[in-house]
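# Survey of secondary and tertiary structure
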Amino acid sequence: MRERLKPMLFDDERLDEAAGCRPSPAHKAVRSAQAKLKDCTKLADDDLPVHSFSTLLKDLATLCYNIAHTRLNPEAKIMLITRPTPLQDKAFHLLGINPACTQ
């Protein structure tokens, strides 16, 4: 899950590129230029804010699933899901999940 969400996280997506800059594996790890840019701007490539893994999960947890009833037919259940924010939409897309499809 975390691997798929890397574009939205502060994680370095280009570890191989950064590892090539180190003279040996014993030297301190170096972050790639792209990761440093995410650190400075706090934005992803698509100008959405980047998160830590835990704050992203908290943001995704705000998606709400509601069950409503009508006065005419109180037995009928109307299931509604809140519209995902652009950030949530991107996360679900990266994970290959459709939040509207429930069991």
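That block above? That's the structure.
Quick summary incoming for the structure in this document.

Calculation notes
- Here the residue index of a chain counts from 1 through its sequence in written order.
- This being a predicted model, a pLDDT of at least 70 is required before a residue's local features are given, and a value of 80 or more before pairs of side-chain atoms are given or counted; all residues contribute to the totals for chains, interfaces and linings.
- Only hydrogens and water are removed before side-chain values are computed, so all heavy atoms of the structure are retained for them.
- Each salt bridge in this description consists of a side-chain nitrogen of Lys or Arg and a carboxyl oxygen of Asp or Glu lying within 4 Å of one another.
- Patch membership requires more than 30% relative accessible area and the absence of a salt bridge. Residues of like charge join within 9 Å; the nonpolar side chains Val, Leu, Ile, Met, Phe, Trp and Tyr join within 5 Å.
- Note that accessible areas follow from Shrake-Rupley with a 1.4 Å probe, and for residues the cover is restricted to the protein chains shown.
- Helical segments are the DSSP runs of H or I of at least four residues, strand segments are the runs of E of at least two, and each set is numbered from the N terminus.
- The cut-offs for exposure are 20% and 50% of the maximum accessible area for each residue type, with area from a 1.4 Å probe on protein chains only; residues under the lower value are buried, those over the upper are exposed, and the others partly exposed.

Here the focus is the pattern of salt bridges. Within this structure, the stated rule accounts for four salt bridges. A salt bridge links D11 to R2; its shortest N-O distance comes to 2.8 Å. Residues K6 and E3 are paired through a salt bridge, measuring 3.6 Å at the closest nitrogen-oxygen approach.

So, on to a nonpolar patch on the surface. A contiguous nonpolar surface patch, about 380 Å² in accessible area, is contributed by Y65, I67, M79 and I81. At the level of secondary structure, the elements contributing two or more residues to the nonpolar patch comprise β1 (65–68) and β2 (78–81). You can see I81 is positioned in strand β2. A relative accessible area of 35% means that I81 is categorised as partly exposed.

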